[in-house]
Amino acid sequence: MEKSKEARMLSRDGKTVGTIMNLRSRRCMMEGCPGWRIHVRWPDGSNTYPCSCGCKSVDKDTLQIL
Ligand SMILES: [Zn+2]
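Here the structure is a predicted model, which is why all the values come from computation and not from measurement. (Residues numbered from 1 in each chain as written. Predicted model: local features only at pLDDT ≥ 70, side-chain atom pairs only at ≥ 80, totals over all residues.)

1. So, the sheet that holds strand S4 (residues 47-48)
One key point about sheets: their strands pair by backbone hydrogen bonds, in either a parallel or an antiparallel sense. Convention followed: Paired strands are those between which DSSP finds at least two bridges. Runs of H or I in DSSP of at least four residues are treated as helices and runs of E of at least two as strands, each being numbered from the N terminus.
Taking strand neighbours across the sheet as the criterion, the 6 strands line up as S4-S3-S2-S1-S6-S5 in an open arrangement whose pairing is mixed. Of all strands in the sheet, those with a lone pairing partner are S4 and strand S5 (55-59), marking the two edges. Examined bridge by bridge, S5 and strand S6 (residues 62-65) share 4 bridges and lie antiparallel to one another. Looking at the pairing, Lys56 lines up with Gln64 of S6.

The following block contains the structure:
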């Protein structure tokens, strides 16, 4: 997936669309995990950092939390 300021993250239920602020904000600290924490800003203003290993690619500019 290309980094793009238009990149989006869908919530698990697909009803909420967040904006990916940084695909690689920091390395995942879970033991043995090769993923990166993705900085996502949601419409309500909250920020979360799901692991890239816990997301699937929906299309070129869209990921979804599993
Ligand atoms: Zn991880």
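2. Considering the environment of Leu63
How we decide: Each residue is classified by how many other C-beta atoms fall within 10 Å of its C-beta atom, where C-beta atoms are placed from the backbone; a count of 20 or more means buried, 12 or fewer means exposed, and values in between mean partly exposed.
Along the polypeptide, Leu63 turns up in strand S6. Assessed through the 23 C-beta atoms surrounding it within 10 Å, Leu63 is described here as buried. Between the C-alpha atom of Leu63 and that of Leu23, which follows or precedes it by 40 residues, the distance is 10 Å.

Read these as layout, nothing more, since geometry by itself doesn't imply function.
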